[in-house]
There are 2 protein chains.
Amino acid sequence: MAVRVDLNISLDGVAMPADPTPENPMGEDWGRLVADYMATKTFRERVFRDTSGAGTTGVDDRYAAAYFEGIGAEVMGAAMFGLHSFPDDPDWRGWWGDEPPFEVPVIVLTHRERAPLSFANGTRFEFSSESITDAVARATDLANGADVRVGGGLSTVRSALAAGLVDRLHVAVRPVILGRGGRLWDDLRNLDECYTVTSEVAESGVVHVTFAR
Amino acid sequence: MAVRVDLNISLDGVAMPADPTPENPMGEDWGRLVADYMATKTFRERVFRDTSGAGTTGVDDRYAAAYFEGIGAEVMGAAMFGLHSFPDDPDWRGWWGDEPPFEVPVIVLTHRERAPLSFANGTRFEFSSESITDAVARATDLANGADVRVGGGLSTVRSALAAGLVDRLHVAVRPVILGRGGRLWDDLRNLDECYTVTSEVAESGVVHVTFAR
């Protein structure tokens, strides 16, 4: 049982591109952060539901596959679900379509009250205003011995890291310099001292850095 | 003939630790940035003049050796020479001892007028208030067909990068989070688009990232 985080960041540490808009909710630089992750066979299968077998199968795909393995419950912020984009629409079912790629219980942290949303593939979103610590503890129960993922967005991940809740942090560092946006590492001085840190370079040029307890 | 930069940075991009003092002129975190570089056989030979053969000989040492190869002239800021620490002592000969590891002409950028300093091993410091662009052009002449290094400190390197003067940037990224100090990448958005970027992980865990034109 471990609490896990996976993030795509730039070489300058940006995890959340600047200037999101309703048309481009992740910001214009999002594609530059996640291009190699989205190119993997696993991402195409799990998120795009592309069953053609297309996609890369190297180191990036190994990490993408690991991302989806062994997770029993997830915690995410309201923005990652999509609440901030359509805050006044009670019927808005988030960004994730009819087959959300989670397939486990997902606790969405928000101060708005909303009814849970269940999907045929096992994904069940529930909405809660509890603290990140309480949410991770409850997700641990829901995961029933499997791992818990703190999925995002950036502020949710950073609060979990600052609270010492994360057992394994994997960052896929794409060698681009974005120069603006939300940075992962700010105010996390000496975070490395709580972990063993290992790195691996993918064929794409992405550097996979893993902090493990 | 290429203009080259080598820097040690943290995973959060800090190249110049915070809070330098006269006793600890590079800041208390300096050792955490450069530990693996200073452990190399090449560094020990070239900077500490340790001829015992001690030191690491893996990937980090390969980069350390490359650092010293093929350089015909160097440009550095006043702080890297040491002028800021003893600004009023005209006899201060810098941090570098009687055998400075450069062994080539070094242009030190400063608005103070000082006489050149020559050493038996070929190192010759001259002091100039010219622009970084003019200094690099003049160093290129002095290098006589060999490469020019922009050695540091951080502001000198950043001005050279911003001016598009650097042909090859090598950063040794040590997987530590310092959280404070001067950061390399700020305001260098899209720097990667001018280069081919490659990465390699050393036995020490340091990630060597090279931007080459």
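Parameters and conventions
Residues numbered from 1 in each chain as written. Chains lettered and ligands numbered in written order. Predicted model: local features only at pLDDT ≥ 70, side-chain atom pairs only at ≥ 80, totals over all residues. Heavy atoms only, no water. Pairing = 2+ DSSP bridges. Helix = DSSP H or I, 4+ residues; strand = E, 2+ residues; numbered from the N terminus. Buried < 20%, exposed > 50% of the residue type's maximum accessible area, 1.4 Å probe, protein only. Contact = heavy atoms within 4.5 Å. Least-squares fit on C-alpha atoms with pLDDT ≥ 70 in both. Salt bridge = Lys/Arg side-chain N within 4 Å of Asp/Glu carboxyl O. Buried area = accessible area lost by both parts, 1.4 Å probe. Polar contact = N/O pair within 3.5 Å; in protein donor to acceptor, adjacent residues only side chain to side chain. Nonpolar A, V, L, I, M, F, W, Y, C, P; charged D, E, K, R; others polar. UniProt positions renumbered as here; feature names shortened; annotations may be inferred. Expected span 1.5 Å × (residues − 1). Arc of directions from axis to C-beta.

**A word on the pairing of strand E10 (residues 196–201) of chain B**
Within a regular strand, side chains alternate between the sheet's two faces.
Residues and elements named next belong to chain B.
Next, step 1: Bridge analysis of E10 against strand E11 (residues 207–212) gives six bridges, and the strand direction is antiparallel. Residue pairing across strands places threonine 198 opposite threonine 210, the latter belonging to E11.
Next, step 2: In this structure, the hairpin formed by E10 and E11 is closed by a connection of five residues, where glycine 205 is found at a positive phi of approximately 100 degrees.

**Some points on the environment of leucine 165 of chain A**
Residue and element names in this part refer to chain A.
Next, step 1: For leucine 165, the position within the fold is in the loop between helix H6 (154–162) and strand E8 (168–174).
Next, step 2: A relative accessible area of 16% means that leucine 165 is categorised as buried.
Next, step 3: In the structure, leucine 165 is positioned 28 residues away from alanine 137 in sequence and 9.3 Å away in space, judged by C-alpha atoms.
Next, step 4: With sequence-adjacent residues up to four places away left out, leucine 165 is seen in contact with Val3, Ile132, Thr133, Val136, Ala160 and Arg213.

**A closer look at the relation of the copies chain A and chain B**
Next, step 1: Rotating chain A by 180 degrees and moving it 0.0 Å along the rotation axis overlays it on chain B with an RMSD of 0.0 Å. Such a combination of turn and shift is consistent with a two-fold rotation axis.
Next, step 2: Both copies contact each other with a shared surface, as 100% of the interface residues of chain A are interface residues in chain B too.

**What to know about the sheet that holds strand E4 (residues 105–109) of chain A**
Next, step 1: Judged by pairing direction, the sheet is mixed, and its nine strands sit side by side in the order E5-E6-E4-E3-E7-E1-E8-E11-E10 (chain A) without closing on themselves. Looking along the sheet, the strands with just one partner apiece sit at the ends: strand E5 (117–118) and strand E10 (196–201) of chain A.

**Regarding the pattern of salt bridges**
All names here are of chain A.
Next, step 1: A full pass over the atoms with the stated rule returns 39 salt bridges over all chains.
Next, step 2: Between glutamate 103 and arginine 49 there is a salt bridge, with the nearest N and O atoms lying 3.4 Å from each other. One end of the pair, glutamate 103, is in the loop between helix H4 (78–81) and E4; the other, arginine 49, is in the loop between helix H2 (41–46) and helix H3 (59–68), and 54 residues separate them in sequence.
Next, step 3: On the basis of relative accessible area, glutamate 103 is assigned to the partly exposed category, the value being 30%.
Next, step 4: Accessibility expressed as a relative area gives 27% for arginine 49, which makes it partly exposed.

**Brief notes about the interface of chain A and chain B**
Next, step 1: Each side of the interface is counted separately: chain A has 28 residues, and chain B has 28 residues.
Next, step 2: Summed over both sides, the interface between chain A and chain B buries roughly 2,200 Å², with carbon and sulfur atoms accounting for 54% of that surface.
Next, step 3: Inspection of the chain A/chain B interface yields six salt bridges.
Next, step 4: Glutamate 193 of chain B serves as the salt-bridge partner of arginine 32 of chain A, at 3.4 Å between the closest nitrogen and oxygen.
Next, step 5: In this assembly, chain A and chain B are joined by 14 residue pairs in polar contact (both at pLDDT 80 or more).
Next, step 6: Looking at the side of chain A that touches chain B, the elements with two or more residues in it are E10 and strand E11 (207–212) of chain A.
Next, step 7: A total of four residues in the side of chain A that touches chain B trace back to one element, the largest contributor, which is E10 of chain A.
Next, step 8: By residue class, the composition of the side of chain A that touches chain B is 13 nonpolar, four polar and 11 charged.

**Quick notes on the UniProt feature "domain: Bacterial bifunctional deaminase-reductase C-terminal" (unreviewed entry) in chain A**
Next, step 1: UniProt records the feature "domain: Bacterial bifunctional deaminase-reductase C-terminal" (unreviewed entry) for residues 3–191 of chain A in the present numbering.
Next, step 2: The span residues 3–191 of chain A is 26% helix and 24% strand, and its two end C-alpha atoms sit 16 Å from each other.

**Some thoughts on the sheet that holds strand E4 (residues 105–109) of chain B**
Residue and element names in this part refer to chain B.
Next, step 1: What the nine strands build is an open sheet, ordered E5-E6-E4-E3-E7-E1-E8-E11-E10; its pairing is mixed. In this open sheet, the two edge strands, each paired with only one partner strand, are strand E5 (117–118) and E10.
Next, step 2: With five bridges joining them, E4 and strand E6 (residues 124–128) adopt parallel strand pairing. Of the residues in E6, the one forming a bridge with valine 106 is phenylalanine 125.

**Comments concerning helix H5 (residues 132–143) of chain B**
All names here are of chain B.
Next, step 1: Its 12 residues give H5 an end-to-end C-alpha distance of 16 Å, which sits within 8% of 16 Å, the value for a rise of 1.5 Å per residue.
Next, step 2: Where H5 is concerned, the buried positions are Ile132, Ala135, Val136, Ala139 and Ala143. Projection of H5 onto a plane perpendicular to its axis shows the buried side chains occupying an angular sector of 95 degrees, all on one side.
Next, step 3: The inward-facing, buried residues of H5 abut strand E1 (3–10), strand E3 (71–77), E4, strand E7 (147–152) and helix H6 (154–162).
Next, step 4: A positive backbone phi angle near 55 degrees is found at asparagine 144, which sits one or two residues after H5.

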